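A structural walkthrough
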Amino acid sequence: MDFAGSCSSFQSDLDFCPDCGSVLPLPGIQDVVTCPRCGFSIHVRDFEGKVVKTSVVFNTRGTAGPKLMEEGPPEFQGPVVDRRCSRCGHEGMAYYTRQMRSADEGQTVFYTCTNCKFQEKEDS
């Protein structure tokens, strides 16, 4: 099938819909492949001789986690904000956030004083 003569928005292989750009499903037992988004259809004979290759790549164990910039617990590695420590009065506390409550509640902000390491939390 020649897509050059059609009024298509996309110029692509047969893997993608030439009208909306969505990924087309693989040909099955039907005579046509229909785009699930816009309804464009193409006959399965147009896929004849095409080779579809897929691959799954797994990360090696232990390499997929986040890497910390420094050693130590996360509460000492966060960004520093202008917040006065309630214990020593130092201006500057590192913070990190966690979703401790249900998803429709705000997150909890944990602050750590960069001077005396005093910790406090705030539910936002």
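The rules behind these values
- Residues numbered from 1 in each chain as written.
- Predicted model: local features only at pLDDT ≥ 70, side-chain atom pairs only at ≥ 80, totals over all residues.
- Heavy atoms only, no water.
- Helix = DSSP H or I, 4+ residues; strand = E, 2+ residues; numbered from the N terminus.
- Buried < 20%, exposed > 50% of the residue type's maximum accessible area, 1.4 Å probe, protein only.
- Contact = heavy atoms within 4.5 Å.
- Areas by Shrake-Rupley, 256 points an atom, 1.4 Å probe, with all protein chains shown as cover.
- Core = buried A, V, L, I, M, F, W, Y, C linked by side-chain atoms within 4.5 Å.
- pLDDT = per-residue confidence, 0-100.
- Pairing = 2+ DSSP bridges.
- Axes fitted to C-alpha atoms, helices over the stretch in contact; angles between N-to-C directions.
- Salt bridge = Lys/Arg side-chain N within 4 Å of Asp/Glu carboxyl O.

Each helix and strand in the protein was counted, giving zero helices and six strands. Each helix and strand of the protein, placed in order from N terminus to C terminus, yields the pattern β-β-β-β-β-β. Here the protein holds 124 residues, and 22% of them are scored as buried. When contacts within the protein are restricted to residue pairs at least 6 apart in sequence, long-range pairs at least 24 apart make up 20% of them. When the accessible surface of the protein is totalled, it reaches about 9,700 Å², and 51% of it is carbon and sulfur.

Moving on to the nonpolar core. Core analysis: the largest hydrophobic core is formed by nine residues, namely Leu-14, Cys-17, Cys-20, Leu-24, Val-33, Cys-35, Phe-40, Ile-42 and Phe-47. Of all hydrophobic cores here, the second largest spans five residues; its members include Met-93, Val-109, Tyr-111 and Cys-113.

A word on the side chain of Thr-108. Position of Thr-108 among the secondary structure elements: in strand E5 (residues 108-113). Given a relative accessible area of 2%, Thr-108 falls into the buried group.

Attention now goes to the confidence of the model for the protein. Here the protein averages 79 in pLDDT, and 77% of its residues register 70 or above. Predicted confidence for residues 1-5 stays below pLDDT 50, and this span has seven contacts to residues more than four positions away or in other chains.

What follows concerns the sheet that holds strand E4 (residues 91-98). Judged by pairing direction, the sheet is antiparallel, and its four strands sit side by side in the order E3-E4-E5-E6 without closing on themselves. The open sheet has two edge strands with one neighbour each: strand E3 (80-84) and strand E6 (119-123). Averaged over all pairs of adjacent strands, the angle between their axes in this sheet comes to 40 degrees, without regard to strand direction. Sheet analysis places E5 next to E6, joined by five bridges and oriented antiparallel. Each bridged residue has a counterpart across the sheet, and for Thr-108 the counterpart in E6 is Asp-123.

Counted by the stated rule, this structure contains four salt bridges. Residue Glu-122 pairs with Arg-83 through a salt bridge whose shortest N-O separation is 3.1 Å. With Glu-122 in strand E6 and Arg-83 in strand E3, this pair connects stretches of sequence that are 39 residues apart. Using a relative accessible area of 32% as the deciding quantity, one classes Glu-122 as partly exposed. Connected through shared salt-bridge partners, Arg-83, Glu-120 and Glu-122 make up one network.

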